[in-house]
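# Examination of the molecular architecture
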Amino acid sequence: MHILHVVGARPNFMKAAPVLRALSTCDSVRQTLVHTGQHYDAAMSDVFFQQLEMPQPDCNLGVGSGSHAQQTAAVMVALEPVLLDRSPDLVLVYGDVNSTVAAALVCSKLGIRLGHVEAGLRSRDRCMPEEINRLLTDQLSDLLFTHSPDADENLLREGIDAAKIHRVGNVMIDTLVRLLPEAEKHFPADLTSPYALVTLHRPSNVDDLPWLSELLQMLIELSADLNVIFPVHPRTRRQLDALCSQASTSSSRLRLLDPLPYLEFLALQRHAAFVITDSGGIQEETTFLNIPCLTVRENTERPITVTHGTNQLVGRDFDKLRTATQQILGSRSRIASSKGSSTNRVPLWDGHAAERIAQVIVRGSAK
Ligand code: UD1
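Here goes a summary of the coordinates provided.

### Observations concerning the overall build of the protein
Of regular secondary structure, the protein possesses 17 helices and 13 strands. Here the C-alpha radius of gyration of the protein, 20 Å, is about what a compact globule of 367 residues would show, namely 21 Å. Referenced to the eigenvectors of the C-alpha coordinate spread, the extents of the protein come out at roughly 60 × 45 × 40 Å. Looking at the protein as a whole, 57% of its 367 residues are labelled buried. Considering only residue pairs separated by 6 or more positions, the protein has 71% of its internal contacts joining residues 24 or more positions apart. Here the protein contributes 35 positive and 41 negative side-chain charges, whose respective centroids are spaced 3 Å apart.

### A short note on the sheet that holds strand S10 (residues 254-257)
If you trace the 6 strands from one edge of the open sheet to the other, you get S10-S9-S8-S11-S12-S13, paired in parallel fashion. For this open sheet the edge positions go to S10 and strand S13 (311-313), each flanked by a neighbour on one side alone. With strand direction ignored, the average angle separating the axes of adjacent strands in the sheet is 20 degrees. Where strand S11 (residues 274-277) lies against strand S12 (residues 293-295), 3 bridges are found, and the strand directions are parallel. In the sheet register, Thr277 faces S12, and the bridge partner there is Thr295. Its contacts with the sheet put helix H15 (residues 318-330) on S11, S12 and S13, and the angle it makes with S11 is roughly 165 degrees.

### Some remarks on helix H1 (residues 10-24)
Helix length check: H1, at 15 residues, gives a terminal C-alpha distance of 22 Å against a target of 21 Å (1.5 Å per residue), a fit within 8%. The largest bend in H1 amounts to roughly 30 degrees and is located at Ala16, with the proline Pro18 lying one to four residues further along. Burial within H1 is extensive, with 11 of its 15 residues counted as buried. Of all the positions in H1, only Asn12, Phe13, Met14, Lys15, Ala16, Ala17, Pro18, Val19, Leu20, Ala22 and Leu23 are classed as buried.

### Quick word on the side chain of Thr146
Mapped onto the secondary structure, Thr146 falls in strand S6 (residues 143-146). Only 2.6 Å separates the side chain of Thr146 from the side chain of Asp152, close enough to count as a polar contact. Once residues lying within four places of it in the same chain are set aside, the contact partners of Thr146 are Ala119, Ala151, Asp152, Leu155, Ile165, His166, Arg167, Val168 and Gly169.

### Focus on the nonpolar core
Counting 58 residues, the largest nonpolar core has Leu23, Leu52, Met54, Leu92, Phe145, Tyr262 and Ile361 as its most contacted members. Residue contributions to this core peak at 8 residues, all from H1. Taken domain by domain, the makeup of this core includes at least three residues from each of domain 1 (2-169 + 348-365) and domain 2 (181-338). Excluding anything up to four places from it in sequence, Leu52 contacts Phe13, Met14, Ala17, Arg21, Thr175, Arg178, Leu179 and Tyr262. Ranked by size, the runner-up nonpolar core spans 28 residues in total, among them Ala196, Leu215, Leu240 and Phe318.

### Looking at the packing of aromatic side chains
For the structure on display, the rule yields 3 aromatic pairs. Ring geometry for Phe13 against Phe48: centres 6.4 Å apart, planes inclined by 45 degrees, an arrangement best described as tilted. Taken together, the residues Phe13 in helix H1 and Phe48 in helix H2 (residues 42-51) connect sequence positions 35 residues apart. Considered together, Phe13 and Phe48 belong to a single accessibility category, that of buried residues.

### Some words on the site of the ligand
In the region of the ligand, 20 residues are neighbours, and His39, Asn98, Glu130, His201 and Arg238 sit closest. Here an oxygen atom of the ligand sits 2.8 Å away from a polar atom, N or O, in the main chain of Asn98. The protein chains hide 89% of the 740 Å² of surface that the ligand would expose on its own. For the shell around the ligand, the elements supplying multiple residues, two or more each, are H1, helix H3 (68-86) and helix H10 (234-243). The dominant element in the shell around the ligand, judged by the number of residues it contributes, is H10, at 3 residues. The residue makeup of the shell around the ligand includes at least three contributed by each of domain 1 (2-169 + 348-365) and domain 2 (181-338).

### Let's talk about the side chain of Arg134
One can find Arg134 in helix H5 (residues 129-140). Arg134 gets classed as buried once you look at its relative accessible area, which sits at 2%. Setting aside its immediate chain neighbours within four residues, Arg134 contacts Asp96, Leu121, Arg122, Ser123, Met128 and Glu301.

### Remarks on the pairing of strand S1 (residues 2-7)
Across the 6 residues of S1, 6 count as buried, placing the element largely inside the fold. Here S1 shows no split at all, with His2, Leu4 and Val6 on one side and Ile3, His5 and Val7 on the other all buried. With respect to chirality, the unit in which S1 leads through H1 into the neighbouring parallel strand S2 (residues 30-35) is right-handed. Strand direction decides the pairing type here: S1 and strand S4 (residues 90-94), joined by 4 bridges, are parallel. Bridging across to S4, His5 finds its partner in Leu92.

### Topic: the environment of Leu254
For Leu254, the location among the structural elements is in strand S10. For Leu254, a relative accessible area of 5% corresponds to the buried category.

Rules of the game
Residues numbered from 1 in each chain as written. Predicted model: local features only at pLDDT ≥ 70, side-chain atom pairs only at ≥ 80, totals over all residues. Heavy atoms only, no water. Helix = DSSP H or I, 4+ residues; strand = E, 2+ residues; numbered from the N terminus. Rg over C-alpha atoms; globule rule 2.2 N^0.38 Å. Buried < 20%, exposed > 50% of the residue type's maximum accessible area, 1.4 Å probe, protein only. Contact = heavy atoms within 4.5 Å. Lys, Arg positive; Asp, Glu negative; His and termini not counted. Charge placed at Lys NZ, Arg CZ, Asp CG, Glu CD. Pairing = 2+ DSSP bridges. Axes fitted to C-alpha atoms, helices over the stretch in contact; angles between N-to-C directions. Expected span 1.5 Å × (residues − 1). Bend = angle between axes of the 7 residues up to and from the residue. Polar contact = N/O pair within 3.5 Å; in protein donor to acceptor, adjacent residues only side chain to side chain. Core = buried A, V, L, I, M, F, W, Y, C linked by side-chain atoms within 4.5 Å. Domains from an automatic or database assignment. Phe/Tyr/Trp six-rings, centres within 6.5 Å; stacked < 30°, edge-to-face > 60°. Near = heavy atom within 4 Å. Areas by Shrake-Rupley, 256 points an atom, 1.4 Å probe, with all protein chains shown as cover. Right-handed = clockwise from strand over helix to strand, strands pointing away.

Written out as structure tokens, the structure reads:
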């Protein structure tokens, strides 16, 4: 059986790595890895391949940046001949980025079986490009691999056949579990606790300059109480440069860094007093690590992180964000003592999701 994986952007890599690894142990499986080139900087792509010990892509489509239509279309145009040439039995796509939906569309037109890893997540906010990508990819998929009961319910509500849905758990947590011991060695020697870790890259936060400026002001205020570490996504860096704000932050304990490699970032998450983010994956990683997470969004496609108790949606509300940080700082001893507790884990977020995906695929091909 020939399985072709399509990855394109940073959050795809840690999801695909364990699936490639699990399938490599199956004698009946041959694999091809296609990188669309949606993310192309060394810091956004190459270093992840190295640290996650992924094979080099067999093919890089080199699509790069562009508007949503341009980027999605460029992946489709470049991927079609690759799929025709390699004729895989199954294509696996990951998450919700433009490369994911583009590959799904090409597969459906060519009649190639499609598997979606991380299916069924819904924010119910169609202003998010990722929500459109999720909805369409799931409708086009033959195998839908989910990580939580709410994802299954979303898919069933949208009329997806229950037989296509496989609750396997969280592949991103597979990578975290495997690499956490290694990550501990990458903790920066010069960083003293406590510190807050920040990531922001969603257009809703960083493309709105007045709001971004307010957020930055809040981080500067916060840095009076503790170190604030902020690895900056390229999109955000461009916007911060437009605000000309770096000069005003240089004397504070707010550190703006370049995007960090996987291991360095995981080490920082593991020991953070709390995390402020608008990322999807970080909401899940902090849930596993039991680190308080303040999500600067009005909604989440990952409600299990909220019901689990680690994640709090603070929306675009400056006061709510400030109150939440103060509450966390006020209860820090309690947080420190419960950190890393393994007693309250989300079911199937256990380091073995990719093995379950491999079982489903191999069992299905044997029928
Ligand atoms: C994409 C995903 C988002 C994911 C995020 C993780 C979509 C719709 N969005 O958003 O779901 O959370 O990746 O990072 O697919 N850029 C670089 N170097 C790179 C990559 C991007 O400089 O290696 C710059 C480009 O100028 C580009 C901008 O960042 O225009 C945005 O990149 P893009 O891939 O379009 O979207 P992200 O914001 O990264």
